[in-house]
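Overview (structure and organization)
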Amino acid sequence: MLKPMSVVREAIAGDEADDAMAERVAAGRAREQVKAGPKVLPIVEGGVLVAALLAPLVLQDYLTVFATRVIILALFALSFDLVWGYAGIMSFGQALFFGSAGYGVALLARDLDITNIFLVLPAGTLIGLTFALLLGGFLLLGRHPSSVIFVSLGTLTGSYAADRLARGWYYLGGQNGIPSIAPMSLGGYEFSEGPAFYYLVLGILVVIYLLCRFLVRSQFGLSLAGLRENEQRIAFFGYKAQHLKAIIFAIGGAIAGLAGSLYAFHEGFVWPNMVGVVVSTQVVLYVLFGGSGTLIGAVIGTVIVEGVSFWLSDNYRDVWPIILGLLLLLVILFRPLGLISFVLGERERVGSFGEKPKEKRNAAS
Amino acid sequence: MANAFVAAFEILSFGAIIVLIVLGLGIIASMMGIFNFAQGEFVLLGAYITYLAYAKGLPIWAGMAAAPFVVGALGFVLEALIIRRFYAAPIVAMLGTYALGLIIRESVRGLIGGFYLTVPEPIGGSIDIGAMHISAWRFTIIVITLLVMGGCYLLLSRTSFGLRVRATLENPSLARASGISTPLIYGATFAFGAALAGLAGALIVPVFSLFADLGLRFLIQGFVAVMVGGVGSFIGPVAGAGVIGTLSAALPWVMAPVVADVLVFVLAIVFIKFRPQGLIAGKGV
Amino acid sequence: MPLLEAAGIKKVFGKLTALDGAALTVGENEFHGLIGPNGSGKSTLMKCIAGAEVPTQGKVSFVNTDITAFTPTERARAGMSLKFQITSVLPSLTLYDNILLALQAQCSLFDLVLSRTRRRLHDQVMTMLRQFRLADRAFDAAAALSHGQQQWLEIAMALAGKPKLLLLDEPTGGMSLEERRVTGELLQPIKQHCSLVIVEHDLDFIRDICDRLTVLDQGKVLASGTVSEIQANKSVQEIYLRRA
Amino acid sequence: PAPWANAAEAPIKVGIATDLTGPIAYAGNADANVAKMVIKEINAAGGLLGRPLELYIEDTASNESVAVGNVRKLIQRDKVDMVLGGITSSMRNAIKDPIVARGKTLYIYPQLYEGKECTPYLFCTGPTPAQQCDEFIPWLIKNGGKKFALPSANYVWPHTLNVYARKVIEANGGEVVFEEYYPLDQVDFSATVNRIISNKVDVVFNTVIPPGVGPFFKQLYEAGFLKNGGRLACVYYDENTLNINQAAEIEGLASCLDYFKVLTKENPFDAKIQAAYEKDFPGNFLFAAGSAATGTYRGLKLWEAAVKEAGKIDRESVAAALDHAKIAEGPGGPAEMMPGKRHCKMKMYTAVAKGGNYEIVARSSGLVDPKEC
Amino acid sequence: MPEFLDIKHLDAGYGRSQVLFDVSLGIPWRGGVAVLGRNGAGKTTLMKTIVGELPAWKGEVAFDGRDISRRATQERVRAGIGYVPQEHSVFARLSVRDNLAVGSLARKDSSAVDRVLTIFPKLGQRLDQPAGTLSGGERKMLAIGRAMLGDPKLLLLDEPTEGVWIGVIEEITERLIELAKTIAVIIVEQHLDLALRVADYAYVLDRGRVALQGEAGEVRGNPELMRYLAP
Ligand SMILES: Nc1ncnc2c1ncn2[C@@H]1O[C@H](COP(=O)(O)OP(=O)(O)OP(=O)(O)O)[C@@H](O)[C@H]1O
Ligand SMILES: Nc1ncnc2c1ncn2[C@@H]1O[C@H](COP(=O)(O)OP(=O)(O)OP(=O)(O)O)[C@@H](O)[C@H]1O
Ligand SMILES: [Mg+2]
Ligand SMILES: [Mg+2]
C-alpha cells in the first residue's frame with residue numbers, strides 16, 4: 001500500500017544520515033515556530049478570490065479570455081485534487097472525463113442544436129460522472145484493493161485508449177476533432193468569450209470549491225483521509241472503503257465533466273488531446289505544483305503553470321518547453337508538497353478534524 | 001510455410017525490440033520502485049549519440065558501443081542530483097521524471113532541429129533464405145537482446161549486487177543498518193537501467209530513424225508491459241514486454257490495425273485487473 | 001449459544017499448513033486467551049476470524065450467523081474489531097483523527113457528509129484518549145508515537161467501535177510490567193458489553209484477565225479450557241519446556 | 001523601423017501562427033522564416049499602401065489548446081489584420097473559429113491538405129487532392145503498374161485523399177488491392193509489408209506519416225519490394241523527408257508537389273527565392289513544399305496583391321480582392337485564386353528520388369485546378 | 001582507557017521535537033548494558049542515534065576512540081555496530097534465506113548461517129518464505145540472527161524478545177549472555193529480569209534524560225526504578 005501524504009513526508013525527512021541534516025532540522029524548527037500563528041489557509045483563499053474578482057477590471061480583453069480558460073482548468077484541477085489529494089486515488093486519466101464531457105456537449109451542439117446552459121452543463125457533468133463510475137467501478141472495485149500504481153496506470157491507459165479511439169472515430173471528427181461549436185446560450189443570450197463568461201465560470205468555480213471544501217472538512221473527508229492513509233486498515237473498522245473510493249472518484253469525474261463542457265464552449269472546439277494523456281498529465285502537474293490536498297493549491301498551481309507558460313511562450317519562444325520543464329523539476333525537487341507549502345504548515349495542510357483546544361499541553365498526564 | 005516463417009520472425013523481432021526497451025525500465029521499476037517517465041528520453045539519448053557518431057564520420061558501431069556508457073554515466077549523475085529525493089514518493093517521482101524527460105526531449109529536439117534523421121545499420125541488408133528475406137539488423141537485435149537478457153539475469157542472480165539492490169529498495173534504513181551503502185546501490189542501479197535504455201536506443205535507431213519523440217513512443221507500452229509482467233522481479237517485466245511486443249506486432253495480421261492498437265491496451269488492463277501480481281509474481285530474480 | 005464459533009479452520013500457505021483444523025469458541029462476555037509457541041498459528045487464526053485471511057477450509061460463525069464468506073467490512077459491521085500484531089495506525093493523521101475515524105466507521109454516508117455525529121463523538125474521543133494517557137498528544141501525528149504508544153492507540157481504536165467481540169493480537173508487546181497492568185485494568189470494564197480474544201506470550205498477564213484459554217501448537221488446538229485446567233495440562237507444560 | 005519613422009500611417013500587422021515547437025517544429029520554423037523573408041522584401045520595396053508591414057509570430061506548439069490561446073493574443077492583443085498559419089488540419093480547425101468567426105479576421109492556410117475547407121474568409125494556398133492526384137496517378141500507372149496499395153495513417157487527410165485517389169486510380173484502369181489505416185505512431189508494419197508483397201502490389205501510394213513512414217519504407221525495402229520493381233509514391237514527400245531513410249531504401253519514390261528544389265536549375269525565379277532564403281536562414285529549416293513553406297510564400301504574395309488592389313486593409317475589401325488575386329511569379333510558377341472558391345490554381349510537378357535527390361520527371365502543362373468548393 | 005562507545009551530552013529528536021536531552025553514556029569493550037524506561041522515554045531514539053539513522057543535534061558519539069556522529073549509518077555498521085531495530089526489522093519481501101544473506105554480505109564463509117539456523121531451527125523450515133509473512137516471533141528471531149551474522153563488535157538490540165515465545169526467550173538470553181563475554185551488547189528490554197541478566201550495567205531513561213544509572217543489581221534494587229517504568 002502506498003500512502004501519498006505520509007510518503008511525501010518521508011521523502012523530506014528521508015536520508016537523515018547526511019551531514020547537512022542537523023542544520024536542516026534546526027532550520028526547520030526555526031521556520032515552524034514563525035509559522036505557528038493564525039490559520040493561513042483562509043487568508044490565502046480569500047486573497048485568491050479577491051484577485052479573481054478584480055482580474056477582468058485590470059486585464060486587457062484577451063487576457064480576460066485567457067483567464068477564463070485558466071479558471072476552467074482550475075475547476076478541472078480541483079476535481080483531480082479531490083480524488084488524489086484527499087482520497088489518494090491516483091487518477092492519471094482525469095482528462096478522460098474532462099474530454100468526454102467536452103465531446104458530449106460538442107455533439108449536443110452540433111447534432112441536436114442544444115446549447116442551453118441549463119441543459120449542456122448538467123449533461124456534461126452527467127457524462128463525466130457516468131464515465132468515472134464505469135472506469136472507477138472497473139479499476140477500484142473488486143476483491144483485491146487495487147494498488148496506487150495499478151490505478152494510475154489503469155487510468156492512464158484508459159485515457160490513452162480514449163485518445164486513440166477519438167482519433168480513429170470518424171463520427172467524432174477523428175484527428176481533427178469537432179470545430180466551431182456554437183456558443184452556449186441562455187434564452188436569447190449567447191455566452192461569448194469575455195467578462196460575462198469569466199464571471200460565469202468564476203461563479204461556478206467558487207460554488208464548486210465551497211462544496212468541495214465542505215465535503216473534505218466533513219466527517220466524510222476524514223473517512224477519505226483514512227482511505228488515503230491505509231485502505232485495508234479502515235476496512236477493518238467497518239468502512240466500505242471501495243464504495244467511498246468509487247463515490248469520490250465519481251464526484252471527481254462529474255466536476256471534471258462540468259469543467260470539460262465549459263471548456264468546449266469557451267474554446268469553441270474539442271479535439272482528441274482533450275481526452276488524452278497530455279491533458280491528463282497537465283492536470284496532475286497543476287496540482288502537484290500548487291500543492292495537493294489543499295484545494296486552493298490546485299487553483300494556484302493552475303494559475304501559475306498556465307500563466308508562466310503563457311509568459312514563457314511569449315518571451316522565450318524557442319526554449320520555453322525546456323524552461324517550463326526545469327521549473328517543474330525545481331519545484332518538485334525542492335517543494336515536493338507544492339508551492340502552497342511555502343505558506344502552509346504541515347498540520348494545516350494535512351488537516352485535523354478535531355477542534356484544537358487552547359490548553360492543549362496540560363490535559364491529562 | 002515460408003510466409004509463416006517470415007511472419008514469426010517479424011513478430012519476434014518486434015517483441016525483441018520492446019523487450020530491449022523495457023529491460024531498463026523494468027529494472028528501475030522493479031528494483032527501485034520508480035516508474036521512470038524519462039526512460040524514453042534515455043532511449044532517445046542512446047539513439048542521438050549513435051547518430052552523432054555517424055554524423056561526425058565515426059564508425060556507427062563505435063557510437064553504439066559508447067551510447068550505453070554515456071547514458072549510464074548521465075543516469076548516475078541524475079540519480080545523485082535528482083532521482084534520489086524521490087524514492088519514498090512514487091507519484092512525485094513520476095512527475096519529477098516526467099519533467100526531466102521533457103527537458104531532455106526538448107533539448108534533443110533543438111539539437112536535431114525537429115527532423116527525422118536516418119542512421120544506417122552497421123550490418124545492413126537482408127539475409128536471404130530461398131525466396132524469403134529477413135532483415136539482417138533485426139536479426140542482430142534479437143541476438144543482442146538475448147545476450148543482454150542473459151547477462152542481466154546472471155548479474156542479478158549470481159552476484160550479491162542483486163541482493164543489495166533488492167534489500168535497499170525494500171527497506172533502505174534497514175539496509176544501511178546492515179552495512180549496505182544505499183546511495184551507491186541506488187546510483188548504480190539507476191545508471192544500469194539508464195545504460196540499458198541507451199543501448200536500446202542505439203540499436204533501434206537504424207530501424208526507426210532518429211526523432212525527438214522516439215522514446216516517448218514506447219513509454220506507455222513499456223509501463224503496461226512492466227505491469228503485465230509484474231513488478232518486483234527481473235523476469236516479470238521482460239516476460240511482459242515479450243507478450244506486449246509480440247501481441248502488438250501480431251494483432252495487425254488478423255484485424256484492422258487501429259482496432260488492434262487499442263485492443264492491446266484493453267486486454268492488458270483487464271489482465272492486470274484480474275491478476276494484479278502480473279504474469280510472474282515478484283519473487284526471486 | 002456462543003458468540004463466536006470457529007470450527008475446523010484450515011489455512012494452507014503453499015507447502016505450509018499454518019492452521020490444521022483449529023477451533024475456537026468464545027461465549028458472551030468471555031475473555032479468552034490464545035497462546036502457543038511462535039508460528040503456531042495464533043495470528044493466522046485471528047486473521048481468519050476477522051477476515052484478513054480467507055481460510056482454506058472451515059467455518060466461522062458469529063452471533064448465530066455464518067460469516068465465513070463475509071468481507072472484513074461486513075464482519076466489522078457485525079460487531080468485530082481487530083488489533084493487528086504489527087501496529088498499523090494511520091500515520092499522518094492526528095491521534096484524535098485516528099480515534100474519530102474508528103468511532104464514526106459505522107455512521108451513514110449521509111451523517112458523514114453533513115458531519116452530524118461530530119459533536120456527539122468529540123467527547124468520546126477525548127475520553128478514550130484520556131483513558132489511554134494519550135490526551136496530551138491528541139493533535140500530534142500518529143507517526144510521532146513510540147512503539148508502545150502506538151500499541152495503546154491501536155487498542156483504543158479497536159475499542160472505539162464498541163464491538164461485541166474484540167480481537168487483540170499481542171497488545172502489550174513492548175510494554176513494561178507496569179504498563180501491562182494498566183492495560184489489563186483498561187480492558188476489565190469492557191467485559192460488561194464485549195467478549196475478548198487476546199493473544200499473549202505473557203502468561204501472568206493472561207492469567208490475570210482471562211476466563212478461558214486455548215493453546216495452539218503447530219496449527220492444532222492442543223488444549224482448551226479454564227485457566228486452571230490449562231495450567232494443569234501435561235502436554236501444555238511440555239511445550240513450555242520445548243525450544244522453538 | 002528606422003525608414004518608417006515618419007510614415008504617415010501605422011503599420012499593417014501580419015500575424016503568423018505556426019508550430020515553432022513540438023514534433024513538426026521544423027516545418028513551422030521554416031514557415032516563420034519564409035514570412036520574415038517576404039515581409040522584409042515587401043518592406044524593402046516600400047511597404048504596402050505606403051505603410052510598413054509588421055510581423056507578429058506566435059507559436060502553436062502542436063498543441064491546440066496552447067494554439068488557441070496564442071492566436072487570441074494575435075487577434076485581441078496585437079489586433080493583426082490577417083493571420084496566416086496552422087500546418088495540420090486539426091490545428092486549422094482549432095484556430096479558424098477564433099480567427100474567422102470570433103475574431104473577424106482574415107485567415108490564410110498554407111499547407112497541402114485534404115480539401116473541403118469552404119469557410120468564408122479562410123483562403124487555402126497549398127495543393128488539394130485534385131492537384132496532387134489528377135496528373136500524378138496516371139503517371140504512376142504508366143510508370144509503376146496497375147495494382148495499388150493505400151497504406152495510410154488514420155486521420156482525416158489520408159481518408160479524404162484516398163477517396164479521391166481511388167476514384168482517379170479506378171478511372172484510369174488501375175485497381176486498389178487494399179486500403180488500410182494505422183495509428184499515427186505505429187512503427188511496426190510487418191503485417192502490411194507482408195500483404196503488399198504477397199499481393200504483388202505495383203504501387204504503394206503511401207500516406208503513412210513520420211514516425212511510421214521511416215520504418216515502413218525500410219521494412220518494405222528489406223522485404224524486397226523495390227528489388228522486385230515496386231514503386232513507392234508519396235505526395236507529401238519533399239526535401240525534408242528524404243532524410244528519414246537511407247537513399248537506397250526509397251530509390252525511385254515518386255512525389256507530386258507544387259515545388260521541388262531542383263526547379264531552381266530551370267526556373268530563375270525559384271533560384272532567386274531559394275537563394276534569398278538560404279542566405280537569410282542558412283540553418284536546417286528547408287524551404288520545402290511539404291512543410292507549407294511554398295504555400296506561405298504564395299499566400300503572403302497573393303494577399304499582398306489583394307491589398308494592393310483593394311487599397312484598403314479591412315477584411316471585407318481584402319477578402320473581395322483576394323477572391324481573384326493572382327501572382328505571376330511564385331515558387332514553382334504563377335498562382336491564381338479561383339474566384340468564389342478560396343483555393344488557388346498552381347503548377348504541379350512530379351519528381352522521383354534518385355540517390356537521395358529528386359529529379360523532375362513530369363510537370364503540369366498549365367495551372368492545375370484545385371476542384372474545391 | 002576510554003570507553004568503547006562514548007556518548008557525551010547528546011541531544012536528538014525528530015523534525016522539530018527534541019526527544020533526547022543531554023544524554024551521556026559509556027559502554028565498555030565487552031559486557032552487556034541495559035537501557036530501560038517507559039513507553040516513549042526515548043530508548044529507540046537513542047538506538048537510532050547511535051547507528052546514525054537519526055542525526056545527533058548536539059553532543060558527541062565516539063566509537064572505538066573515533067567520533068562517528070557525522071558518519072553514515074552503513075559506515076558505522078561496517079565499523080562494527082550491529083543493530084536489531086524494534087520495528088521493521090526484516091526485509092519483508094525478501095526470503096528468509098536472502099535476509100540472512102544480507103546479514104552475511106561482508107563475510108566469506110557460509111558456516112555462520114548454519115550456526116544461526118541451529119540457534120533458531122524454526123527459521124530453517126521457513127527459508128524460502130518472504131520474511132514479511134513470518135509470524136511475529138519468527139521475525140524477531142530472523143532479525144537477531146541477521147544482526148549476529150555481521151560479527152559486530154557492538155550489538156544494539158531494541159526489544160529483541162517482544163512477541164517471542166518463552167522457550168525461545170530463554171535461548172536468546174543464554175546466547176546474549178555468551179555474546180556479552182566477547183563483545184559489547186546494548187539491550188533495550190521490557191523483561192526486567194532478562195535485561196538485567198544480560199547486562200552488568202543499566203541506564204534508565206525518563207523523558208529523554210538519564211534518570212538513573214548503575215550496576216545491574218544496584219538499579220534493580222533502587223526503589224525509584226518502578227516509578228520510572230510506570231506509565
Ligand atoms: N502469508 C503467509 N505465507 C506463508 N506462510 C505464512 C504466511 N503467514 C503466516 N505464515 C506462517 O504460518 C505460521 C503461523 O503464523 P502466525 O503468524 O499465525 O503465528 P503466530 O502463532 O501468531 O506466531 P507469533 O507468536 O510468533 O506471532 C508461521 O510459521 C508463519 O511463518
Ligand atoms: N518519528 C517521530 N516523530 C516525532 N516524534 C517521535 C517520532 N518517533 C518517536 N517520537 C517521540 O519520541 C519520544 C521517544 O520515542 P521512542 O520511540 O524513542 O520511545 P521508546 O522509549 O522507544 O518507547 P517504546 O518503549 O514505546 O518503544 C516519544 O515521545 C515519541 O512520541
Ligand atoms: Mg502472531
Ligand atoms: Mg522503542
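Before reading further, recall that the structure is shown in the block above.
What you are looking at is a predicted structure, and each value in this text was computed from that prediction instead of being measured.

Brief notes about the coordination of the magnesium ion (ligand 3)
All names here are of chain C. Only S43 (OG) and Q85 (OE1) from the protein coordinate the magnesium ion (ligand 3), and they sit 1.9 to 2.2 Å from it. Here S43, found in helix α1 (residues 42-50), pairs with Q85, found in the loop between β6 (80-83) and α3 (95-103); they are 42 residues apart in sequence, far enough to count as distant. Assessed through its relative accessible area of 15%, S43 is described here as buried.

Observations regarding the environment of A:I72
Residues and elements named next belong to chain A. Along the chain, the position of I72 falls in helix α4 (residues 61-86). Note: C-alpha distance between I72 and G297 (225 residues apart in sequence) is 15 Å. Among all residues touching I72, those that are not within four sequence positions of it are F197, V201, A259, L262, Y263 and H266.

A word on the site of ligand 1
Close to ligand 1 lie 22 residues, the nearest being C:S43, C:T44, E:R126, E:S135 and E:G137. Near ligand 1, the surrounding residues are drawn from chains C and E. Between C:G41 and ligand 1, the recorded distance is 2.9 Å, taken from a backbone N or O atom to an oxygen atom. E:S135 has a polar side-chain atom sitting 2.6 Å from an oxygen atom of ligand 1.

Observations regarding the site of ligand 2
Contacts to ligand 2 come from 22 residues, most closely from C:R137, C:A144, C:S146, E:T44 and E:T45. More than one chain approaches ligand 2, the contributing ones being chains C and E. A distance of 2.4 Å separates an oxygen atom of ligand 2 from a polar atom in the side chain of E:T45. The fraction of the free accessible surface of ligand 2 (630 Å²) that becomes covered by protein chains is 87%. For the shell around ligand 2, the secondary structure elements donating two or more residues are α6 (147-160) of chain C together with β2 (17-27) and α1 (43-51) of chain E. For the shell around ligand 2, the residue count by class is six nonpolar, 12 polar and four charged.

Quick word on the coordination of the magnesium ion (ligand 4)
Looking at the magnesium ion (ligand 4), one finds its protein donor set to be E:T44 (OG1) and E:Q86 (OE1), positioned 1.8 to 2.1 Å from the metal centre. Of the two residues, E:T44 sits in helix α1 while E:Q86 sits in the loop between β6 (81-84) and α3 (96-103), which places them 42 residues apart along the sequence.

Quick notes on empty space enclosed by the protein
Applying the stated criterion across every chain yields a total of 15 cavities of 30 Å³ or more. Approximately 180 Å³ is the volume attributed to the second largest cavity. Every residue lining the second largest cavity is counted, 18 residues in all, and those nearest its centre are B:R217, B:Q221, B:S248, B:D261 and D:Q186. Listed by contribution, the elements that provide at least two residues to the lining of the second largest cavity are α7 (148-168) of chain A together with α9 (216-229), α10 (235-254) and α11 (257-274) of chain B. In terms of residue count, the dominant contributor to the lining of the second largest cavity is α11(B) (five residues). Residue composition of the lining of the second largest cavity, grouped by class: 10 nonpolar, three polar and five charged.

Thoughts on the state of the cysteines
A full pass over the atoms with the stated rule returns one disulfide over all chains. A disulfide-free cysteine, D:C133 has its sulfur positioned 7.9 Å from the sulfur of D:C256, the nearest such atom.

Thoughts on a nonpolar patch on the surface
Residue and element names in this part refer to chain A. The grouping of L49, V50, L53, L54, L57, V58, L59 and Y199 at the surface amounts to a nonpolar patch, some 720 Å² of accessible area in total. Ranked by residues supplied to the nonpolar patch, first place goes to helix α3 (residues 41-58) with six residues. Structurally, L53 can be placed in helix α3.

Let's talk about unusual backbone geometry
A cis amide bond, omega 5°, links D:P210 with the succeeding residue D:P211. Tracing the sequence through the fold places D:P211 in the loop between β8 (203-205) and α8 (213-222). For C:E170, which is not glycine, the phi dihedral falls at a positive 50°. Relative to the elements of secondary structure, C:E170 occurs in the loop between β7 (165-169) and α7 (177-187). A relative accessible area of 7% means that C:E170 is categorised as buried. A positive phi angle is found at E:D151, which is not glycine, with a value near 50°. Here E:D151 lies in the loop between α6 (136-149) and β7 (154-158). With a relative accessible area of 51%, E:D151 lands in the exposed category.

Calculation notes
- Residues numbered from 1 in each chain as written.
- Chains lettered and ligands numbered in written order.
- Predicted model: local features only at pLDDT ≥ 70, side-chain atom pairs only at ≥ 80, totals over all residues.
- Heavy atoms only, no water.
- Donors = N, O, S within 2.8 Å, 3.2 Å for Na, K, Ca; no water.
- Helix = DSSP H or I, 4+ residues; strand = E, 2+ residues; numbered from the N terminus.
- Buried < 20%, exposed > 50% of the residue type's maximum accessible area, 1.4 Å probe, protein only.
- Contact = heavy atoms within 4.5 Å.
- Near = heavy atom within 4 Å.
- Polar contact = N/O pair within 3.5 Å; in protein donor to acceptor, adjacent residues only side chain to side chain.
- Areas by Shrake-Rupley, 256 points an atom, 1.4 Å probe, with all protein chains shown as cover.
- Nonpolar A, V, L, I, M, F, W, Y, C, P; charged D, E, K, R; others polar.
- 1 Å grid on protein atoms, 1.4 Å probe; cavity = no way out; pocket = protein on both sides within 12 Å on 5 of 7 lines; lining within 4 Å.
- Points joined across faces, edges and corners; volume = space filled by probe spheres on them.
- Disulfide = S-S within 2.5 Å.
- Patch = residues over 30% accessible without salt bridge, like charges linked within 9 Å, V, L, I, M, F, W, Y side chains within 5 Å.
- Salt bridge = Lys/Arg side-chain N within 4 Å of Asp/Glu carboxyl O.

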